[in-house]
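What follows is the residue order along each chain.
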Amino acid sequence: MKQKLTPTLLAAVVASALSSPVMADIIISQYVEGSSLNKAIEIANTGDQAVSLTGYELVKKTNGKGEWGSNLSLSDQTLEAKSVLVVANAKANEEILKLTDIKDSSVASFNGNDPVALLKDGQLHDVFGLDGGDNFAIDATFTRRSAAMMPSTVYSSSDWNKTTEDNIDGLGTYGGAAPVEPFTCDNVDFTSIHDIQGQGESSPFINGYPYITEQDFYVQGVISAVTGGLTKGFYLQALTPDDDPQTSEGLFVDTNQSQSEFKPGDIICVKGKVQEFYERTQLKAENNQWLKLDAQEAPAAHNIEILPSDANFAATLERYEGMLVNLAPALDMRVTRTFGFDYKAKRNNMVLAQGQINLHPNQKFVPGSAEADAQNQANQKRRLFIESDQKAADGKVPYYPDFGQPSLNQDGSTDDYIRIDDTLSGIEGVISYSFGEYRLIATNTLTKDNFVRNDKRTQQVEIERGNLRVATFNVLNYFNSPYGGDQNLDGSNRGAKSFEEFERQQTKIVEALYKLDADIVGLMEIENNGFGNNGAIAQLVDQLNDRVGFEQYTYVALDTNQDGLTNEEDFVGTDVITNGLIYRPRIAELLSSKVIALPSQLAPPVYDEKGKQIEDGKNYQRNAIASTFKVHDEELTIAVNHLKSKGSTCWEDAASAEQGGQGREDKDKQGSCENFRVAAAVALGEALESIEGHKIIVGDLNAYGMEDPVRVLTDLNGGSVKAARNTYIDGEPQFGDEGAVITKSYGYLNAVAINHQNSWSYSYNDEVGALDHILMSPSLYKKEGFLQQRRFVDATDWHINGGESKLFDYTDKFKGDLPKYNDHFRASDHDPAVLELNMGGAFSLSAMLGLFGLAMWRRRQ
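On a predicted model such as this, the values are computed, not experimentally measured, just so you know.

Draft legend 1. Molecular detail of the state of the cysteines. Taken as a whole and assessed by the stated rule, the structure comprises 2 disulfides. One disulfide bridge connects Cys-185 with Cys-269, the sulfur atoms lying 1.7 Å from each other. Handedness of the Cys-185-Cys-269 disulfide follows from its S-S torsion of about 95°: it is right-handed. Placement of Cys-185 in the loop between strand 12 (160–163) and helix 3 (193–197) and of Cys-269 in strand 16 (residues 266–277) is noted, with a sequence separation of 84 residues between them. Given the relative accessible area of 0%, Cys-269 is considered buried. Across a sulfur-sulfur distance of 2.0 Å, Cys-650 and Cys-673 are joined as a disulfide pair. Across the disulfide from Cys-650 to Cys-673, rotation about the S-S bond amounts to roughly 100°, and the bridge is consequently right-handed. One end of the pair, Cys-650, is in the loop between strand 39 (634–642) and helix 9 (651–654); the other, Cys-673, is in the loop between helix 9 and helix 10 (674–689), with 23 residues separating them in the sequence. A residue is classified by how much of its surface remains accessible, and Cys-673, at 2% relative accessible area, is buried. Ordering the disulfide-forming cysteines of the protein chain by sequence position, one finds them joined as 1-2, 3-4.

Draft legend 2. Inspection of the packing of aromatic side chains at higher detail. Inspection of every chain in the model, using the stated rule, returns 26 aromatic pairs. With a centroid separation of 6.2 Å and an interplanar angle of 50°, the aromatic rings of Phe-136 and Tyr-155 are classed as tilted. In this pair, Phe-136 is assigned in the loop between strand 10 (123–128) and strand 11 (140–144) and Tyr-155 in the loop between strand 11 and strand 12, connecting sequence segments 19 residues apart. Taken as a pair, Phe-136 and Tyr-155 share a single burial class, namely buried. Ring pairing ties together the aromatic residues Tyr-31, Phe-110, Phe-128, Phe-136, Phe-142, Tyr-155 and Trp-160, which thus form one cluster. Lying over the aromatic face of Tyr-417, Arg-457 brings its terminal NZ or CZ to 4.0 Å of the ring centre.

Cut-off values and rules
Residues numbered from 1 in each chain as written. Predicted model: local features only at pLDDT ≥ 70, side-chain atom pairs only at ≥ 80, totals over all residues. Heavy atoms only, no water. Disulfide = S-S within 2.5 Å. Helix = DSSP H or I, 4+ residues; strand = E, 2+ residues; numbered from the N terminus. Buried < 20%, exposed > 50% of the residue type's maximum accessible area, 1.4 Å probe, protein only. Phe/Tyr/Trp six-rings, centres within 6.5 Å; stacked < 30°, edge-to-face > 60°. Lys NZ or Arg CZ within 6 Å of the ring centre and 35° of its normal.

Quick look at the structure:
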C-alpha cells in the first residue's frame, strides 16, 4: 500500500472531498485502460481513519452486459487513512507492477467497454463506467476529480479527468494526480457555430492534414441531442441563427464519452478544437472542458428543404450537418433498404433515397457505360442512413417500437412493416456523417402512419390474365434431407437449422406458390436430392397440393442415370442445390425433358506476388433443366437456370490485368464471374437453338437487366462481351486459353421489361434490380395475322420477398422475440417473376371489343 503523500496537495483534496473529516469513503479513484495488458484500478480511502475492507469486492461487467462478475474479494485488506490500493493485471508492464498491491487477471483484464464497481456486502457501492457495451473508456486513463471524491452508484463522466493511453501519473499515490482547474467560460470570445461550419463541405478553419486546428475555440449553444453510441458527445444548435441557408446551425461536440448528465434544452459552453473527422465537421473537446450555463425549451427540428442551388441531395444534407431535422412528406424520402445489416458501420439500420429508390446501375444501362456511371453517382448522392444511437437489439427497430407486432385483425401477419419504396416522413434526428455516409440519428419514434405504401403488399399477383401463367421462383435453399428427406450429394445443409425453422420455411414457400397461382414454375435453390418420394421437390409439391386441396401440381422428374427409372439417386449436376420445375398437367402436357449441361472452368491456378495461391481456377455452373410442354396445341419449352453467383471468385477475378484478368477490380459493378456467366449464356443459347417451337428461359441468372449474360441471350446491339477462359461442357472444350469475344446474341425478349422498365426482383445493400428473368422467344410476342393476337399478355415481378425486411424470413437467428409469421411475405430473398400468355391462338375479350369498336367507327365514316 502506498502513502506517498504531498501535504499541500492532500490538504486541498481533503478540504474539497470531505464534508466531515472523520468519515471515511472507499472509492474508485483511478482507472487505467492502457495498451496490451496494462490495466489497473486504484481504490482510495478518503477518510481520516483506517478502514477494514471486509465485505468489499471489486467486480467487472463484461462488455457492459449481464450481471457483475469476476469478483475479487478485498476482505483481507485494510486501507489506511488517505491511502490507496492498486489492483493491476499480473501481466502489466514493470512501471505499473512496481505500484501494484494486488495482481489480478480477472477483474483487471477489462477493456474500454467494461464498467467496474465496488460492492459492499453484495450491494453496489461505487461505479466507474457505463452499461450497454459502449466504448466509454477505451485507450485512456481516468482520474477522479477532487470535487467528486464520494462514492456514487451512478457514473457521470464529469466526475473524471481523462488523459492519454498508458498515462499512470499519480497511480499509487493518494492525491498524486495533478489537480485540474475548474472549467469556466468567463471573459472568452465565442465563435459561432455557422462560422465553424462555413458554406463548404469542410470547415473554413481546416486547411488540410491533420484536419484539426491547433487553436482552441469556445462555442456556446443549446443541446438538441445527447449521444453515446454511434457518436459520443452532444449536438449543439446555435442560440442565434444567421439565417443563411448555406451554413448549418448545428455542430457535433465530440467528447468521446456519453454525456448522460446533459439533456436537450441545456445551454452549454464548450472549448475544443475544430476537426474534420473523416469528413464530419465537429468540435473535439477533451478533459471535461464543457459547462452547463442555463436551460431552455428543447430545440424544434428543422424541416430539410432542397434548394435550387443544391447540386444534389448530399449537398442538401451538408447544409444541415449537425442540426436537429425532420423529414417532411414533401421531401419524398423512399425506403431503398429495409432495416438490415450495414457492413460498414457493423450495425443494423435503414437507408432512404430522396425521390426514388436506388436502381442498380446495370439494370437499365450497359455496364461501364457513362449512363451506368451516372446512375451509380446519383445513387450515392441521394441516400440517407436512418440510425439509432445505440446498436439495435435482435429483432428490434429501435425507432419503430411496434415493428413486426401482430395485426389487430389477427390475420396471421403484421401491419407494422417496412417495405422498399415506402415513403417515410415525420422522423426526427440529428444529421451526422460517418463511414462515408450521411446519417440521421433518430430522436423520436415511428408508427405505421409515418409510412406511405407506394408499393403495397398484395395477396395475389396484379397482372393482366391470359390462359397460361409461367413463373420463376428462387426458394432460398429449401432442404428437407435433415428432416426425413433423401440425402443430397454430400450430406450438407444450406437451409433451415431446426425442424421449427423448416416447417416455417415450407409453409411460407407453399403459401407463396399457392397465391402465385402459376401453371408452370421454374424453381431455383431446391435441394439436389433426387426425384424419389422423399426428395425436396416431391415433398414441396405434396405440400402445395395439400394447400390447394387436391392433386393439381406435379413435377418434372429426370432420369439422369439413364436407367429407365427416376428416383432419389438422379442428381442434376454436382451442387447440393439444383433447379426444378413444377406444373399443372391439366394445363400443360409434358412432352419431354432433358438436362442442358453448362460449362465448368478448369483454368490454371492464380498466385499473388508472394507465390500464394489465391484461386485454383476450378469453377462450376449448375446445369439447366429444359422441358417441352404442349399447351393449347402449341409446343413451349421452358429452360430453368441458376447461373454462377456474383459472390464467387473465378479466374478472371483473381488474375491481374497483365495476366488477362481484372485483378479483383469490379469497375463495371457486375460482381464476380461475369465472364463465366457469359460462357454459360452462350452454351444455353446454343443448346436451345436445336429445339423447335416457342421457348422461354426462366431463372436466377445472377445478372441484372443489362449485364453481359442477359445481353448475350437478348441483344448485344452490335457490341461484344468477353467469355471466360478454359471452359468445358461435358468434358469437351468450349473456350480455350484466351476465352472468347462474343458478338452473337440469341434474340430473346425480356418479358418483364416490356411493360415494367423499372421493375426489380432483388435487393442488395441499398440498390435493387432484377436477377430473376423471364426471357421469351420473339414468336411469343409478334402477331401472326389479323385475328391472331400476341401470345404475350403481361409480365411483372411480384414484390413479396425482395422488398420485405429480412427480419420476417423463416430463420430464428438475430430475431430476438419478434413474432413469427407463416404468411407468404419474405418466403425467400428473391421475388417471383410472372408471365401471362395466350396460347393456342386465343383471342381475348378486350381484343374482340377493340375490333368491334373499330368496325363501328368505320361504319360511321
